[in-house]
Amino acid sequence: MEKYYIKQLIRESATKVCQTLNALQSIERQFNDNLVDENGKNVESEYYALRNAIASLKSAYEDIKDI
């Protein structure tokens, strides 16, 4: 594979990671401060799973953005 082609794939991957990160952060902002849904059900575990996914994506983006 050509070096240019590989760099292009990396750029596209970084863009997709960034887009996914933005989408997850948008979902995160929809959680209320009490971490309960509209029915009063506790959604703390879902919130922290989302936070972990966001942290993983941030790490992945940092790893590939400057390649």
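None of these values were measured; they are calculated from a predicted model. Think of each chain on its own: its residues are numbered from 1, step by step along the sequence as written. In keeping with the predicted nature of the model, local features appear solely for residues at pLDDT of at least 70, side-chain atom pairs appear and are counted solely at 80 or more, and the whole-chain, interface and lining totals rest on all residues. Excluding hydrogens and water, the side-chain figures rest on all heavy atoms present in the structure.

**What to know about helix H2 (residues 44–64)**
Okay, so step 1: Taking 1.5 Å of rise per residue, the 21 residues of H2 would be expected to cover 30 Å, and the 30 Å separating its terminal C-alpha atoms lies within 8% of that figure.
Okay, so step 2: Within H2 the residues assigned to the buried category are Tyr47, Leu50, Ile54 and Leu57. The buried side chains of H2 occupy one side of the element, clustering within an arc of 85° when seen end-on. Away from its buried face, by an angle of more than 90 degrees, H2 presents the exposed residues Ser45, Asn52 and Asp63. In this text, helices come from DSSP runs of H or I with a minimum length of four residues, and strands from runs of E with a minimum of two, each type numbered from the N-terminal end. Expected span of a helix, by definition, is 1.5 Å for each gap between consecutive residues, and there is one gap fewer than residues. The buried label goes to any residue with under 20% of its type's maximum accessible area, the exposed label to any with over 50%, and the partly exposed label to all in between, with areas taken from a 1.4 Å probe on protein chains only. Along the arc lie the directions from the helix axis toward the C-beta atoms.

**Here we look at the packing of helix H1 (residues 3–29) against H2**
Okay, so step 1: Remark: H1 packs on H2, axes separated minimally by 9 Å, with the N-to-C direction vectors making an angle of 155°. Put simply, H1 runs roughly antiparallel to H2. Of the two elements, H1 crosses H2, and the hand of that crossing is left-handed. Residue-level inspection shows Ile10, Ser13, Ala14, Val17, Cys18, Thr20, Leu21, Leu24, Gln25, Ile27 and Glu28 of H1 in contact with H2, the latter providing Tyr47, Leu50, Arg51, Ala53, Ile54, Leu57, Lys58, Tyr61 and Ile64.
Okay, so step 2: All amino acids are sorted into three groups, where Ala, Val, Leu, Ile, Met, Phe, Trp, Tyr, Cys and Pro are nonpolar, Asp, Glu, Lys and Arg are charged, and the leftover types, Gly among them, are polar. Split into classes, the residues belonging to the contact of H1 with H2 amount to 14 nonpolar, 3 polar and 3 charged. To get an axis, a line is fitted to the C-alpha atoms, and for a helix only the part in contact is used. The angle between two axes follows their N-to-C directions and goes from 0 to 180 degrees. In these notes the angle categories are as follows: under 35 degrees is roughly parallel, over 145 is roughly antiparallel, 65 to 115 is roughly perpendicular, and the rest is oblique. Handedness of a helix crossing follows the sense of rotation of the near helix relative to the far helix, less than a right angle counterclockwise being left-handed and clockwise being right-handed. Between two residues, a contact is recorded if the distance between any of their heavy atoms is within 4.5 Å.

**Some points on the packing of aromatic side chains**
Okay, so step 1: Here the aromatic set is Phe, Tyr and Trp, taking the six-membered ring for Trp, and pairing holds for ring centres within 6.5 Å; pairs whose planes are under 30 degrees apart are stacked, those over 60 apart are edge-to-face, and all others are tilted. Counted by the stated rule, this structure contains 2 aromatic pairs.
Okay, so step 2: Each ring, one from Tyr47 and one from Tyr48, has its centre 5.1 Å from the other, and the planes form 80°; the classification is edge-to-face.
Okay, so step 3: Judged by its relative accessible area of 16%, Tyr47 falls in the buried class.

Don't take any of this as a statement about function, it's just geometry.
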